[in-house]
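# Residue-level structural notes
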Amino acid sequence: MASSPFDWIDEQARLRERAGLVRKLRPRPAESGLLDLAGNDYLGLARHPEVTDGAAAAARRWGAGATGSRLVSGSTELHAELERELAAFCGFEAALVLSSGYAANLAAVTALAPHGSLIVSDAGNHASLIDGCRLARGTTQVVPHTDPDAVRKALGTHDGPAVVVTDSVFSVDGDAAPLRQLAAACRESGAGLVVDDAHGLGVLGAGGRGAPHAAGLAGADDLVVTVTLSKSLGSQGGAVLGPAKVIDHLVNAARTLIFDTGLAPAAAGAALAALRVLRREPERAARVRAVASGLHELLTGEGLSAVRPDAAVVSVRAPSPDAAVRWAADCRGAGLAVGCFRPPSVPDGVSRLRLTACADLSDVQIAEAVRVISRTAP
Ligand SMILES: Cc1ncc(COP(=O)(O)O)c(C=O)c1O
């Protein structure tokens, strides 16, 4: 049989199979009946009636799609309203909404790291920050996880523009970055700080205003923050928050703003509605943190190796990729959806179950989830 130009894929597939690292898409019914500790709907807003109504009303008024890049098709009042409210809520001068958190990270890192600049990047950063570093014209230096001294040292080797990029809450283990110390290290050498607050918005800070707000850094003129609208806000999309001059620069320099279709109106309408629910019901943020702590306490009480959560993500170590996959499948069989993280999605090669807290979970559901995880443990 003639060879195909894609035959090399077969070898990759064999290697993946042998290492227990095959990934498969699984159908998701509209109503699964599972207890969900896998999704990122931290505040339970994805199906909140005000949020779904916000999506529907926005689609009816502005159309199903944005019809083009915001620079070409025009920028709607809906997008502007979302940007104003998001910036004000998190304590920043301005915001720019993009089609995803991924696009927001590519925008921030590439536009703020020109040729000749240095990017100092935490070893545990999310793939979208890593890809931002890969696409940027500046040179990237990866530093050990949550190590402000290593950041200081890296910055000391460079003369010229520099940015430090970090997740606020790391998506694999749910641990927090030392934002105050990182900001201090940046200030000593005049570097900018870019913080991905995907897992902090809606969870940390007063009423869920995010990790930079909790650290007393919101609104600083040397800080740029990215967020996703797809986790706590239950919608889809992303945003960059920061000084107005940085946001104006992104409009002119960020390729994921210039060459990408604007955020769909329904997603913008849903995010705006969710933000207003969060402002009205700040207790949702405190509840999701309490759920995460409760999960951790009960899991460790069962003798499982769980990392103390700094926000809503609770990570439980598994002995191997295969064991993690089986464990997650057994949980699912017992009515509980949990995430399963394996290489290459984990920087240290350790496979885990990844649990996400949701403000809607009752204490009875938390106890039931821990019972299932403990009973199915390898
Ligand atoms: C830390 C972090 N940053 C960025 C993203 C990307 O956001 P989005 O899903 O909106 O593209 C995610 C998750 O998906 C994330 O966990």
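Just so you know, these numbers come straight off a predicted model, no measurement behind them. (Residues numbered from 1 in each chain as written. Predicted model: local features only at pLDDT ≥ 70, side-chain atom pairs only at ≥ 80, totals over all residues.)

### A short note on helix α15 (residues 363-375)
- In a regular helix each residue adds 1.5 Å, so 13 residues correspond to 18 Å; α15 covers 18 Å between its end C-alpha atoms and thus fits that length.
- Where α15 is concerned, the buried positions are Ile366, Ala369, Val370 and Ile373. Looking straight down α15, one finds its buried side chains confined to an arc of 95°; they lie on one side. Exposed and facing more than 90 degrees away from the buried side of α15 are Val364, Ala367 and Arg375.
- Taken together, the buried residues of α15 touch β1 (35-37), α13 (283-301), β9 (313-317), α14 (321-333), β10 (336-341) and β11 (352-356). (Helix = DSSP H or I, 4+ residues; strand = E, 2+ residues; numbered from the N terminus. Expected span 1.5 Å × (residues − 1). Buried ≥ 20, exposed ≤ 12 C-beta atoms within 10 Å, placed from the backbone. Arc of directions from axis to C-beta. Contact = placed C-beta atoms within 7 Å.)

### Some points on the packing of helix α2 (residues 49-62) against helix α12 (residues 265-280)
- Between α2 and α12, the least distance of the axes is 7 Å, while the angle of their chain directions is 145°. Judged by the sense of rotation from one axis to the other, the crossing of α2 with α12 is right-handed. Of α12, the residues touching α2 (which contributes Glu50, Val51, Asp53, Gly54, Ala55, Ala57, Ala58, Ala59 and Trp62) are Pro265, Ala266, Ala268, Gly269, Ala270, Leu272, Ala273, Ala274 and Val277.
- Taken together, the residues of the contact of α2 with α12 break down into 14 nonpolar, 2 polar and 2 charged. (Axes fitted to C-alpha atoms, helices over the stretch in contact; angles between N-to-C directions. Left-handed = near helix turned anticlockwise from the far one by under 90°. Nonpolar A, V, L, I, M, F, W, Y, C, P; charged D, E, K, R; others polar.)

### Some details on the pairing of strand β3 (residues 118-122)
- With respect to burial, β3 is a largely interior element, 5 of its 5 residues being buried.
- Residues Leu118, Val120 and Asp122 line one face of β3 and the alternating positions Ile119 and Ser121 line the opposite face, and both faces are buried.
- Bridge count between β3 and strand β4 (residues 139-143): 5 bridges; the pairing is parallel. Bridge pairing in β4 links valine 120 to glutamine 141.
- In this fold, β3 hands off to helix α6 (residues 127-135), which returns the chain to β4; that crossover is right-handed.
- Relative to strand β5 (residues 162-167), β3 runs parallel, the two sharing 4 bridges. Residue leucine 118 lies in a different strand from β5, and its bridge partner there is alanine 162. (Pairing = 2+ DSSP bridges. Right-handed = clockwise from strand over helix to strand, strands pointing away.)

### Focus on the domain arrangement of the chain
- As assigned here, the chain comprises domain 1 (32-45 + 282-375) and domain 2 (49-280).
- Taking the mean C-alpha position of each, domain 1 and domain 2 sit 26 Å from one another.
- If you look at the interface, domain 1 gives 21 residues, while domain 2 gives 25 residues.
- Elements that contribute at least two residues to the side of domain 1 that touches domain 2 include exactly α13 and β9.
- No other element matches the 4 residues that α13 contributes to the side of domain 1 that touches domain 2.
- Considered class by class, the residues forming the side of domain 1 that touches domain 2 number 15 nonpolar, 2 polar and 4 charged. (Domains from an automatic or database assignment.)

### Here's the deal with helix α10 (residues 244-253)
- Taken together, the buried positions of α10 are Val246, Ile247 and Leu250. The buried side chains of α10 occupy one side of the element, clustering within an arc of 100° when seen end-on. Exposed residues pointing more than 90 degrees away from the buried face of α10 are listed as Lys245, Asp248 and Asn252.
- Buried residues along α10 sit in contact with β2 (94-98), α5 (101-112), β7 (223-228), β8 (238-242) and α11 (255-258).

### Side note on the sheet that holds β2
- An order of β2-β8-β7-β6-β5-β3-β4 is seen for the 7 strands of this open sheet, with the pairing classed as mixed. Each end of this open sheet is capped by a strand with a single partner; those strands are β2 and β4. For this sheet, the mean angle separating the axes of adjacent strands, direction not counted, is 20°.
- Strands in contact with helix α4 (residues 77-90) are β2, β7 and β8; relative to β2, the strand with the most contacts, it is inclined by about 130°.

### Points about the environment of alanine 136
- With respect to the element layout, alanine 136 can be found in the loop between α6 and β4.
- You can call alanine 136 buried: it has 22 C-beta atoms within 10 Å.
- Each C-alpha atom, one on alanine 136 and one on arginine 61, is 37 Å from the other, the two residues being 75 residues apart in sequence.
- In contact with alanine 136, other than residues within four places in its own chain, are Val109, Thr110, Ala113 and Ile119.

### Notes on the packing of helix α7 (residues 148-156) against helix α8 (residues 179-189)
- As a packed pair, α7 and α8 sit with axes 9 Å apart at the nearest point and diverge in direction by 15°. Taken together, α7 and α8 sit at an angle that is classed as roughly parallel. Relative to α8, the crossing made by α7 is right-handed. In this structure, α7 uses Pro148, Val151, Arg152, Leu155 and Gly156 to contact α8, whose residues at the interface are Gln181, Leu182, Ala185, Glu188 and Ser189.
- Classifying every residue of the contact of α7 with α8 gives 5 nonpolar, 3 polar and 2 charged. (Parallel < 35°, antiparallel > 145°, perpendicular 65-115°, else oblique.)

### Here's the deal with the site of the ligand
- Looking at the ligand, there are 14 residues lining it, with Ser100, Gly101, Tyr102, Ala198 and Thr228 nearest.
- Considering only residue class, the shell around the ligand consists of 2 nonpolar, 10 polar and 2 charged. (Near = placed C-beta within 6 Å.)

### What to know about the sheet that holds β11
- Judged by pairing direction, the sheet is mixed, and its 4 strands sit side by side in the order β1-β10-β11-β9 without closing on themselves. Two strands bound the open sheet, and with one partner strand each, they are β1 and β9. The sheet shows a mean angle of 30° between the axes of neighbouring strands, direction not considered.
- Its contacts with the sheet place α15 against β1, β9, β10 and β11, and it is angled at close to 80° to β1.

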